[in-house]
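Overview (structure and organization)
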Amino acid sequence: MRPAILMACLLVPLPLPLTAQETASDTLLTVQHYLDWEQVSDPQIAPDGAQIVYTRRWVNKLEDKWESALWIMNADGSHQRFLVKGSNARWSPDGMRIAFLADGEPKGTQLFVPWMDAEGAVTQITRVEETPADPRWSPDGKAISFAMLVPDSTVWKISLPQPPQGAKWTPAPRVVDELHYRQDRVGFMKQGFTHLFLVPAEGGTPRQLTSGHWNVGARFDGLSARVGYDWTADGKTLVFDGLRDTTWDGQYRVSRIYALDVASRAIRTLVSRPGYWADPTVSPDGRMVAFTGYDSSEHTHRTSDLYAIAIDGSGMRDLSKSLDRDPGDLTWAPDGKAIYFTAPDRGSINVHVTDLGGGVRDVTQGVQVVSLSSVARTLMAVGVGSDPAHPADVVRLDLRKPGSQGLSRLTNVNEDVLANKRLARTEEIWYTSTGGTKVQGWVVKPPSLGPGKRYPLILEIHGGPFAMYNVGFSYMFQNFAANGYVVLFVNPRGSTGYGDGFSNGIDHNYPGPDFDDLMAGVDAVIARGLVDSTRMYVSGCSGGGVLSSWVIGHTTRFAAAAVRCPVIDWIAMAGETDIPLFTYSFFHQPFWEKADEWLAHSSLMFVGRVTTPTLLMTGELDRRTPIPQTEEYYAALKMRHVPAVMLRFNEEFHGTGSKPSNFMRTQLYMMSWFEKHKAGGEAAASSQGNR
């Protein structure tokens, strides 16, 4: 299932010590080292398994942004080198070319194809006005399919008098007649519909394959995202997800799987069962289609399963029902007898395999996060791997060797940054919350940890809420720990990776028992003797902003809070966010029928209890949890004379760290705020009975 997705000037002239707490260090991970940090993603192995292309990102320090380029290496990790500026590389079926996306003519993103021989000639094969996405080679290598917006604007003609010559009248208003008209990281969406296209691999005019007032691509709450689709082996059919229905704008968690005849453009429905079905992947012989999804439900959240169906639409069956985890990265074995996939489980993400009878087995195991990006004919696969002590790097997996012996690390892009650094140690904990619920969390301990010493605590809460903290390397947590903080991160009820029952522990009750789970986690860490209970802090963004604002309305045990990109008023949120249907799904009835339920779960209604000094941080451009939510809470806190500061992060959508400088600011402002507020409230010394 695709994830459910529910920040620089001061506005008040307070005499705050907002200087950084950090000093330069060669042995600790400071924010300054972030400027040299690198990331890897989307590795693709050649069909013969000989070479790997991957995307590498680094910080452009002058322009305050991330740059990306394609790098290539041998399958053993040797001979790594820059290939070309771009992303989304995909090998041709014969391994002689790749297709990738990069800036081109006449403007914006275009599709390119270079030959992977000594000459390496590159051809720009599209010259389109909109942005192509999700390129896929046809099985014969003669064409490339892609998804692209087809503009279709609403025209409202009125009899406005002609302006005098040379007049500068105000532009006409934006005409909005759909529920979904804005999107985080996009702004106002351009009106139109996403469809599939086909272009010759040597360049030419793209041919539109689908059309109409509907979208290819299974959408979460109307949000434009990648399109899940695949070719059949004979090149005659494209199988794709989407909703071929003009009522798509009012549909939540509804999609189908379709089969498109490429020659005639005829479309038939492959999976019509009411539900959310996505990510179709065709077997090598073209006879079967694997996909993920779940049946329609009144529950706030459902865990996906892995399904298979014959290409004629018969014999749909659930292959992962016994797993109760969300499958992803679906990849057929070359012989078509098995399907490899990843799934989150208790903070880790590993690779699994199932045969067509539904027997699920582990391929990798351990405390780690591993993706599955592509598989060669040799059953050699590549992905991205990380664990608490190692940042994300390209890894190679031999799918014939289950277990850790089949996993090799091929890159080490941050070796220069981490050399001689003393990193924090991350310890897993389990504890019992209300109702006997077993909850998993992790404690990140300062590198300078000394016997008998007590440290300030940061409780950092994840967003979603239907998401999962994983055990991958966290620069944020390592940096906090390097500055002497113990960091606690927890997967409370509502988190994924623990089964449908656990994620639905907050079904139509959010916030709810997740608060109990967070507080029980704090109690568990205090009991270990690590924490100075007068210096405990709470923070979180998005769903973490929901819960951090909820926490300070229900306990005084924290000395300060950093509430980032929060929802504090569900009624207002329903009209402000780019995911309105997701917002309505948390409640049994709309607010005009049962407002008390919406208010009972809004942090704003508990602001009268708040005494905790609160730092609010939100992006000016946020469309997910828009800044009016933050403004409401800030005004209420100021009316009550609670110490509060609002930071409005320039050039940020949802979150406060997409710009490298803003990530560093987020870290430093939070630590500065926490350093200023060292004494907790009346309950600081007593962890029980004041929740």
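Note that the coordinates shown come from a computational prediction; the quantities given were computed from them, not determined experimentally. (Residues numbered from 1 in each chain as written. Predicted model: local features only at pLDDT ≥ 70, side-chain atom pairs only at ≥ 80, totals over all residues. Heavy atoms only, no water.)

A few words now on the packing of helix α2 (residues 475–482) against helix α10 (residues 660–676). Each pair of packed helices gets described by two things: the angle between the helix axes and the distance between those axes. Closest axis-to-axis distance for the α2/α10 pair is 11 Å, and the angle between their directions is 40°. The handedness of the crossing between α2 and α10 comes out as right-handed. Across from Y475, M476, N479 and F480 in α2, the residues of α10 making contact are F663, Q667, M670 and M671. Partitioning the contact of α2 with α10 into residue classes produces six nonpolar, two polar and no charged. (Axes fitted to C-alpha atoms, helices over the stretch in contact; angles between N-to-C directions. Helix = DSSP H or I, 4+ residues; strand = E, 2+ residues; numbered from the N terminus. Left-handed = near helix turned anticlockwise from the far one by under 90°. Contact = heavy atoms within 4.5 Å. Nonpolar A, V, L, I, M, F, W, Y, C, P; charged D, E, K, R; others polar.)

Moving on to the nonpolar core. With 60 residues, the main nonpolar core has L459, L488, W570 and Y633 as its most contacted residues. The element that contributes the greatest number of residues to this core is helix α4 (residues 513–526), accounting for eight residues. Setting aside its immediate chain neighbours within four residues, Y633 contacts S549, I552, I568, S603, L604, V607, V610 and L616. V471, Y485, F489 and W673 belong to the second largest nonpolar core, which has 45 residues in total. (Core = buried A, V, L, I, M, F, W, Y, C linked by side-chain atoms within 4.5 Å. Buried < 20%, exposed > 50% of the residue type's maximum accessible area, 1.4 Å probe, protein only.)

Quick look at the pattern of salt bridges now. Following the criterion strictly, the structure yields 28 salt bridges and no others. Here R302 ties to D500 by a salt bridge, and the two come within 3.5 Å at their closest N and O atoms. Highlighted residues: R302 in the loop between β22 (288–295) and β23 (305–310) and D500 in helix α3 (residues 500–503), separated in sequence by 198 residues. Assessed through its relative accessible area of 21%, R302 is described here as partly exposed. Under the relative-accessibility criterion, D500 is labelled buried at 19%. For D578, the salt bridge goes to R624, with nearest N and O atoms at 2.6 Å. Of this pair, D578 sits in the loop between α6 (570–576) and α7 (580–584) while R624 sits in the loop between β40 (614–619) and α9 (627–639), and the two are 46 residues apart along the sequence. With a relative accessible area of 2%, D578 lands in the buried category. For R624, a relative accessible area of 5% gives the class buried. (Salt bridge = Lys/Arg side-chain N within 4 Å of Asp/Glu carboxyl O.)

For the structure on display, the rule yields one disulfide. With its sulfur 1.7 Å from that of its partner, C541 forms a disulfide with C565. Handedness of the C541-C565 disulfide follows from its S-S torsion of about -130°: it is left-handed. Pair noted here: C541 is in strand β38 (residues 531–541) and C565 is in the loop between β39 (560–564) and α6, with a separation of 24 residues, a long-range link. Assessed through its relative accessible area of 0%, C565 is described here as buried. (Disulfide = S-S within 2.5 Å.)

With respect to the secondary-structure elements, Q667 resides in helix α10. Owing to a relative accessible area of 0%, Q667 belongs among the buried residues under this scheme. At 3.0 Å, the side chain of Q667 and the side chain of N479 are in polar contact. Once residues lying within four places of it in the same chain are set aside, the contact partners of Q667 are V31, M476, N479 and F480. (Polar contact = N/O pair within 3.5 Å; in protein donor to acceptor, adjacent residues only side chain to side chain.)

Our focus in this paragraph is unusual backbone geometry. Between E105 and the following residue, P106, the backbone shows a cis peptide bond with an omega angle of 5°. Secondary-structure assignment places P106 in the loop between β7 (98–103) and β8 (109–114). Geometrically, the link from G464 to P465 is a cis peptide bond, its omega value of 0° lying close to zero. By the element assignment, P465 lies in the loop between β36 (455–461) and α2. Not every positive phi belongs to a glycine, and R185 is a case in point at roughly 70°. A positive phi angle, near 55°, is found at D329, a position not held by glycine. By the element assignment, D329 lies in strand β25 (residues 328–332).

This next bit is on the pairing of strand β5 (residues 81–85). For a regular strand, side chains alternate in direction, first toward one face of the sheet and then toward the other. Both strand β4 (residues 65–74) and β5 contribute to a ladder of four bridges, which runs antiparallel. Bridge pairing in β5 places L70 opposite V84. Taking the residues that link successive antiparallel strands as the turn, the β4-β5 hairpin has six residues, and the phi of G77 there is positive, at about 90°. (Pairing = 2+ DSSP bridges.)

What follows covers the pairing of strand β41 (residues 644–649). Counting buried positions along β41 yields six of six residues, so the element is predominantly enclosed. Of the two faces of β41, the one lined by A644, M646 and R648 and the one lined by V645, L647 and F649 are each fully buried. Examined bridge by bridge, β40 and β41 share six bridges and lie parallel to one another. Its bridge partner being in β41, G619 is matched across the sheet by F649. Chirality of the crossover, the property in question, places the unit of β40, α9 and β41 among those that are right-handed. (Right-handed = clockwise from strand over helix to strand, strands pointing away.)

Here we take up the sheet that holds strand β9 (residues 122–124). Taking strand neighbours across the sheet as the criterion, the four strands line up as β6-β7-β8-β9 in an open arrangement whose pairing is antiparallel. Where the open sheet ends on each side, the last strands, each with one partner, are β6 (87–91) and β9. Going across the sheet, the axis of each strand differs from the next one's by a mean of 30°, ignoring polarity. Across four bridges, β7 lies against β8 in antiparallel orientation. Each bridged residue has a counterpart across the sheet, and for D103 the counterpart in β8 is T109.

Moving on, we get to the sheet that holds β22. What the four strands build is an open sheet, ordered β21-β22-β23-β24; its pairing is antiparallel. At either margin of the open sheet sits one strand with a lone partner, and together these are β21 (275–282) and β24 (317–318).

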